[in-house]
Every structure is written in C-alpha cells, then in structure tokens.
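Structure assessment
Next come the chains, spelled out residue by residue.
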Amino acid sequence: MKEARITLAEVQHVAALARLALSPQELQTLRAQLDGILDYIAALDVLDVDGVEPTVTPWLTEVPLREDEPRAMLLRSEVFQQAPAHAEGGFSVPKVMDSDP
C-alpha cells in the first residue's frame, strides 16, 4: 500500500478550520479522498508545459455585459417591506457563527 500524501492530523486540522465535526470514519474517508486529489495533482506536475501560455479560462470569447444605465433606486422603506426582518437600518439575519475563533 502506498504512503499517504496527507496525514490524519492534517485532515483533522482542516476539518477544525472549517468547523466540521467528523466521525473517525468520516475523517478516514476524507483523508482518502484528499489523498486521491493530491495524487491527481502530482500526476499533472509531470506534464511538460514549457511554452504553454497561462490562461484563466479555456474560452476565448468575451463575456457579454449589459449597458450600465442609470435608473431610479428603490427606497429603503420599499426594500425593507420585502425583507423578513430588519433592524437599525439593515437586514436582520440569524446568527450563524459563534464569536469564538
């Protein structure tokens, strides 16, 4: 069996950064999946890309943009009428993260 490119401790660290609570089995599965991704990237590393220009997209067409035309803005009161909740001049949303890092 080949040696893993990523350790279980590294997977646990990444899971903690992402605030994921994973079971030991899920950690092992994720380690194997990440190891496969790293194997694939390593296979790409051996390709000879000398003389190949870097690109950000494989498509050579430009993205069509609409004309930037000024128009009347909605009033804040109209926007807040459509919102489920608002307070202090902004939208109210449920808390999704604790304050502890």
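Refer to the preceding data block for the structure.
Now for a description of the structure that goes with this document. (Residues numbered from 1 in each chain as written. Predicted model: local features only at pLDDT ≥ 70, side-chain atom pairs only at ≥ 80, totals over all residues. Heavy atoms only, no water.)

**With respect to the overall build of the protein**
In terms of regular secondary structure, the protein is built from three helices and two strands. Taken from the N to the C terminus, the helices and strands of the protein come in the order α-α-α-β-β. By the compact-globule yardstick of 13 Å for 101 residues, the protein is too spread out, its C-alpha radius of gyration being 24 Å. Principal-axis analysis of the C-alpha atoms places the extent of the protein at approximately 65 × 45 × 20 Å. Counting every position in the protein, which comprises 101 residues, the buried fraction comes to 8%. (Helix = DSSP H or I, 4+ residues; strand = E, 2+ residues; numbered from the N terminus. Rg over C-alpha atoms; globule rule 2.2 N^0.38 Å. Buried < 20%, exposed > 50% of the residue type's maximum accessible area, 1.4 Å probe, protein only.)

**Looking at the environment of G90**
When you line up the elements, G90 lands in strand β2 (residues 90-91). Under the relative-accessibility criterion, G90 is labelled partly exposed at 22%. C-alpha separation for the pair G90 and V63, spaced 27 residues apart in sequence, amounts to 33 Å.

**Some remarks on helix α2 (residues 24-45)**
Between its terminal C-alpha atoms α2 stretches 31 Å, which fits the 32 Å expected from 22 residues at 1.5 Å a residue. For α2, every residue scored as buried is listed here: L27, R31 and D35. In an axial view of α2, the angular spread of the buried residues amounts to 75 degrees, which keeps them on one side of the axis. Along α2, exposed side chains directed more than 90 degrees from the buried face belong to Q25 and Y40. Those residues of α2 hidden inside the fold are in contact with α1 (8-17). (Expected span 1.5 Å × (residues − 1). Arc of directions from axis to C-beta. Contact = heavy atoms within 4.5 Å.)

**Section: a nonpolar patch on the surface**
A grouping of I37, L38, Y40, I41, L44, L47, V49 and V52 is seen on the molecular surface, where their side chains present a nonpolar patch of about 750 Å² in accessible area. Checked against the element boundaries, V52 lands in the loop between α2 and α3 (76-82). Since its relative accessible area comes to 55%, V52 is described here as exposed. (Patch = residues over 30% accessible without salt bridge, like charges linked within 9 Å, V, L, I, M, F, W, Y side chains within 5 Å. Areas by Shrake-Rupley, 256 points an atom, 1.4 Å probe, with all protein chains shown as cover. Salt bridge = Lys/Arg side-chain N within 4 Å of Asp/Glu carboxyl O.)

**Observations regarding the packing of α1 against α2**
Where α1 contacts α2, the two axes come as close as 9 Å, and the packing angle between them is 105 degrees. Comparing their axes, α2 and α1 come out roughly perpendicular. Across the interface between the two elements, L8, V11, Q12 and A15 from α1 touch L27, Q28, L30, R31 and L34 from α2. Here the contact of α1 with α2 is built from residues that sort into six nonpolar, two polar and one charged. (Axes fitted to C-alpha atoms, helices over the stretch in contact; angles between N-to-C directions. Parallel < 35°, antiparallel > 145°, perpendicular 65-115°, else oblique. Nonpolar A, V, L, I, M, F, W, Y, C, P; charged D, E, K, R; others polar.)

**Examining the pattern of salt bridges**
Under the defined criterion, the tally for this structure stands at two salt bridges. The partner of R5 in a salt bridge is D39, and the shortest N-O contact between them spans 2.5 Å. Here D39 lies in helix α2 and R5 lies in the segment before α1, a separation of 34 residues in the sequence. Among the residues examined, D39 registers a relative accessible area of 23% and is labelled partly exposed. With its nearest N and O atoms 4.0 Å apart, the salt bridge here joins R31 to D35. Within this pair, R31 and its partner D35 are both found in helix α2, separated by four residues, close to a single helical turn. On the basis of relative accessibility, which here comes to 5%, the residue D35 falls in the buried class.

Geometric values such as these leave the question of function open.
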